[in-house]
Amino acid sequence: MHLAYPAVLSALLFCTGLYGVLARRNAILVLMSVELMLNAVNLNLVAFDVWLSKTAADTLHSGQALTLFTIAIAAAEIGIGLAIVLAVYRNRGTSDIDRLRDTAEGHEPDGPDGDGPDSGAPAAEKAEATA
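Residues numbered from 1 in each chain as written. Predicted model: local features only at pLDDT ≥ 70, side-chain atom pairs only at ≥ 80, totals over all residues. Heavy atoms only, no water.

Enquirer: Tell me what's going on with the overall build of the protein, and back it up with residues and numbers.
Expert: Secondary structure summary: the protein contains four helices and zero strands in total. Sequence-ordered secondary structure for the protein, helices as α and strands as β, is α-α-α-α. The long-range share in the protein, meaning contacts at least 24 apart out of those at least 6 apart in sequence, stands at 51%. Accessible surface, the protein: about 9,600 Å² in total, of which carbon and sulfur atoms supply 65%. (Helix = DSSP H or I, 4+ residues; strand = E, 2+ residues; numbered from the N terminus. Contact = heavy atoms within 4.5 Å. Areas by Shrake-Rupley, 256 points an atom, 1.4 Å probe, with all protein chains shown as cover.)

Dropping the structure here:
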């Protein structure tokens, strides 16, 4: 098999993962896209390892060993990432990345009319003004 086939497939997988990271708003879909990008890198590592082992007399298979380490690190990363996403979802009620940019505890983002918790007037005065 030619080296071009897995290289092209790896490039397509990586570009699909990159699009998922840049375009998605859900944190779990972003984590899945990162995993897709890591799998594209793993495919490249194995393909180049097989290609280089055909040309070299000594076969160390360092690309395959590095792929195993990458898979182990990716599994740990996705476990920790999912735990963080679940904790944030329990605290905030959403996993939308755009809404999670403000990470200060107890601070709610201002609404479209500017009636945030720090707008100056107490809630009773605001209720009287609108009535």
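Enquirer: Describe helix 1 (residues 4–23), with residues and values.
Expert: In this model, helix 1 (20 residues) spans 28 Å end to end at C-alpha, consistent with the 28 Å of a helix rising 1.5 Å per residue. What helix 1 keeps buried is the set P6, S10, G17 and G20. All buried residues of helix 1 fall inside an arc of 85° around its axis, so they share one side. For helix 1, exposure combined with an orientation more than 90 degrees from the buried face picks out V8, L12, Y19 and L22. (Expected span 1.5 Å × (residues − 1). Buried < 20%, exposed > 50% of the residue type's maximum accessible area, 1.4 Å probe, protein only. Arc of directions from axis to C-beta.)

Enquirer: Account for the packing of aromatic side chains, naming residues and giving values.
Expert: In the structure shown here, the tally under the stated rule is one aromatic pair. With 6.2 Å between their ring centres and 85° between their planes, F48 and W51 make a pair best called edge-to-face. With F48 and W51 both in helix 2 (residues 27–55) and three residues apart, the pair spans about one turn of that helix. For F48, a relative accessible area of 34% gives the class partly exposed. A relative accessible area of 43% means that W51 is categorised as partly exposed. (Phe/Tyr/Trp six-rings, centres within 6.5 Å; stacked < 30°, edge-to-face > 60°.)

Enquirer: If you had to explain a nonpolar patch on the surface to someone new, which residues and values would you point to?
Expert: On the surface, a nonpolar cluster with roughly 350 Å² of combined accessible area is contributed by F14, L18, L22 and V41. The element contributing the most residues to the nonpolar patch is helix 1, with three residues. Relative to the elements of secondary structure, V41 occurs in helix 2. (Patch = residues over 30% accessible without salt bridge, like charges linked within 9 Å, V, L, I, M, F, W, Y side chains within 5 Å. Salt bridge = Lys/Arg side-chain N within 4 Å of Asp/Glu carboxyl O.)

Remember, this is a structural readout, not a statement about activity or role.
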